[in-house]
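Chain residues, written in single-letter form:
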Amino acid sequence: MELRVLQYFLAVAREQNISAAAQSLHLTQPTLSRQLRELEEELGKQLMIRGSRKITLTQDGMLLRKRAEEILELVGRTEKEIMQSDETVSGDIYIGTGETDGVRQIAQVANRLQMSCPGIRFHIVSGDAVDVCERLDKGLLDFGILLGDMDKTKYHYMELPMKDTWGVLMRRDSPLAQQEAISPQDLWDKPLILSRQVDNKSGLYRWLRKEPAELHTVATYNLIYNASLMVDEGMGYAFTLNKLVNTTGSNLCFRPLQPGLELGMYLVWKKSQIFSKAAELFLEQLREHLAL
């Protein structure tokens with residue numbers, strides 16, 4: 001399977017049309033059609049359904065599209081890293097993270113590093129722990145930031161001093177908004193909006209002292225902005241971390257939990273990871289920054 005053919009396949013998947021894809025690739029339509037047939041023959045699978053106006057990917061085709069995007073992204077990163085000059089530090093650093101105010105510390109180090117090495121570019125990929133670990137394992141990220149429990153046998157890690165505090169996002173006209181903090185009993189009969197992340201929710205269930213089936217969960221989320229809209233529309237109370245939603249001047253407010261519930265934070269990377277010069281320098285400067 002050639003990289004060039006994967007690029008052809010992705011162009012057809014993107015355009016959903018052989019003619020449009022051939023034009024974007026500067027190929028003739030018969031040449032592109034032949035390459036795709038040979039790819040299907042090589043894999044022994046039908047990858048696309050050819051309609052009169054539109055091409056639709058089969059299940060195998062959708063799987064290949066996902067893998068092809070990952071393969072070509074990794075190839076592109078590898079080429080850039082190898083072609084870098086030995087005299088200057090430059091290149092791309094990929095960091096995956098959930099929504100957390102702790103990213104501010106990462107941004108401070110990134111800003112300082114770019115002042116001395118302007119050729120370094122940072123790419124922040126947002127996602128929950130499942131998303132971040134999947135991309136780490138495939139080599140698509142240099143580092144991940146994980147909150148709460150993590151598999152310390154699987155990754156090298158640096159425990160970060162920042163802590164995230166759980167609380168509840170609610171409307172200012174909610175009955176619980178009059179309280180300074182929220183106890184488990186306050187929420188037992190309330191409509192709840194929870195993070196979809198299983199690890200985080202298990203800690204919340206322990207704090208709530210209730211089994212999931214005993215609670216009134218009306219929605220889950222992976223981006224707090226969307227959850228804040230549901231709260232604003234009166235759907236319920238959202239468990240979230242402090243400082244993620246700016247409630248100033250809005251209809252919303254944040255109240256911490258009582259007893260308090262915190263999440264630790266870790267910078268992790270694969271045990272087999274071979275860092276670029278830029279990634280090595282970032283890790284070194286992060287250690288120095290946190291030691292101050």
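Structure: see above.
Just so it is clear, the structure is predicted and the values come from calculations on it, not from any experiment.

Q: Break down the packing of aromatic side chains for me, citing the residues and quoting the values.
A: All told, the structure shown has seven aromatic pairs when counted by the stated rule. Of the aromatic side chains, those joined through ring pairs into one cluster are Phe122, Phe143, Trp269, Phe275 and Phe282. Note that Lys210 overlies the ring of Trp188, its terminal NZ or CZ placed 4.4 Å from the centroid.

Q: Go over the pattern of salt bridges, please, and point to the residues and values.
A: Enumeration according to the criterion identifies 16 salt bridges in this entry. Between Glu40 and Arg50 there is a salt bridge, and its shortest N-O distance comes to 3.1 Å. Taken together, the residues span a long stretch of sequence, with Glu40 in helix α3 (residues 29-43) and Arg50 in strand β1 (residues 48-50) at a distance of ten residues. Exposure remark for Glu40: the relative accessible area of 13% places this residue in the buried category. Given the relative accessible area of 41%, Arg50 is considered partly exposed. In this structure, the salt-bridge partner of Lys190 is Asp189, at a minimum N-O distance of 3.0 Å. Given the relative accessible area of 18%, Lys190 is considered buried. Its relative accessible area of 57% is what places Asp189 among the exposed residues. Overlapping salt bridges, with partners in common, bring together Lys66, Arg67, Glu70, Glu134 and Lys138 in one network.

Q: Run through the nonpolar core, naming residues and quoting values.
A: Of all hydrophobic cores here, the largest spans 46 residues; its most connected members are Ile93, Phe143, Leu187, Phe239, Leu267 and Phe282. Those residues in contact with Ile93 that sit more than four places away from it in its chain are Leu113, Ile120, Arg121, Phe122, His123, Asp142, Phe143, Ala278, Ala279 and Phe282. Of all hydrophobic cores here, the second largest spans 21 residues; its members include Ile18, Leu64, Ala68 and Leu72.

Q: Can you explain helix α5 (residues 103-116)? Please cite residues and give values.
A: For α5, spanning 14 residues, the distance from its first C-alpha to its last is 20 Å, which sits close to the expected 20 Å at 1.5 Å a residue. Residues Ile106, Val109, Ala110 and Leu113 constitute the buried set of α5. When α5 is viewed along its axis, its buried side chains cluster within an angular range of 100 degrees and face the same direction. Turned more than 90 degrees away from the buried face of α5, the exposed residues are Arg104 and Met115.

Q: Outline the side chain of Ser228, listing residues and values.
A: Among the secondary structure elements, Ser228 is positioned in helix α9 (residues 224-232). The exposure class of Ser228 is buried, given its relative accessible area of 7%. Engagement of the side chain of Ser228 in a polar contact is seen with the backbone oxygen of Tyr225, the distance being 2.5 Å. Ignoring any residue separated from it by four or fewer positions in sequence, one finds Ser228 in contact with Leu169, Val245 and Leu252.

Q: Kindly report on unusual backbone geometry, identifying the contributing residues and their values.
A: Comment: phi is negative for the bulk of residues other than glycine, and the bulk of peptide bonds are trans. The omega angle of the peptide bond from Gln258 to Pro259 is 5 degrees, so this bond is cis rather than trans. Considering the arrangement of structural elements, one finds Pro259 in the loop between β10 (252-256) and β11 (262-270). In this structure, Arg209 is a non-glycine residue whose phi angle is positive, near 60 degrees. Within the fold, Arg209 resides in the loop between α8 (198-208) and β8 (216-221). Non-glycine residue Lys243 carries a positive phi angle of around 75 degrees. Within the secondary structure, Lys243 sits in the loop between β9 (237-241) and β10.

Q: Residues and numbers for the side chain of Thr240, please.
A: Mapping Thr240 onto the fold places it in strand β9. Thr240 gets classed as buried once you look at its relative accessible area, which sits at 2%. With sequence-adjacent residues up to four places away left out, Thr240 is seen in contact with Thr165, Trp166, Gly167, Leu169, Tyr221, Ile224 and Phe254.

Q: Tell me about helix α1 (residues 3-15), and please be specific about residues and values.
A: A rise of 1.5 Å per residue sets the reference length of α1, with its 13 residues, at 18 Å; its end C-alpha atoms lie 18 Å apart and thus fit the reference within 8%. All buried positions along α1 are accounted for by Val5, Leu6, Tyr8, Phe9, Leu10, Ala11, Val12 and Ala13. Positive phi appears at Gln16, one or two residues downstream of α1, with a value of about 60 degrees.

Q: Lay out the packing of α1 against α3 with the relevant residues and their values.
A: For the pair α1 and α3, the least separation of the axes is 10 Å and the interaxial angle reads 110 degrees. When the interaxial angle is binned, α1 and α3 end up roughly perpendicular. Contacts from Arg4, Val5, Tyr8, Phe9 and Val12 of α1 reach α3 at Leu32, Gln35, Leu36 and Leu39. Its residues placed into classes, the contact of α1 with α3 shows seven nonpolar, one polar and one charged.

What counts and how
Residues numbered from 1 in each chain as written. Predicted model: local features only at pLDDT ≥ 70, side-chain atom pairs only at ≥ 80, totals over all residues. Heavy atoms only, no water. Phe/Tyr/Trp six-rings, centres within 6.5 Å; stacked < 30°, edge-to-face > 60°. Lys NZ or Arg CZ within 6 Å of the ring centre and 35° of its normal. Salt bridge = Lys/Arg side-chain N within 4 Å of Asp/Glu carboxyl O. Helix = DSSP H or I, 4+ residues; strand = E, 2+ residues; numbered from the N terminus. Buried < 20%, exposed > 50% of the residue type's maximum accessible area, 1.4 Å probe, protein only. Core = buried A, V, L, I, M, F, W, Y, C linked by side-chain atoms within 4.5 Å. Contact = heavy atoms within 4.5 Å. Expected span 1.5 Å × (residues − 1). Arc of directions from axis to C-beta. Polar contact = N/O pair within 3.5 Å; in protein donor to acceptor, adjacent residues only side chain to side chain. Axes fitted to C-alpha atoms, helices over the stretch in contact; angles between N-to-C directions. Parallel < 35°, antiparallel > 145°, perpendicular 65-115°, else oblique. Nonpolar A, V, L, I, M, F, W, Y, C, P; charged D, E, K, R; others polar.

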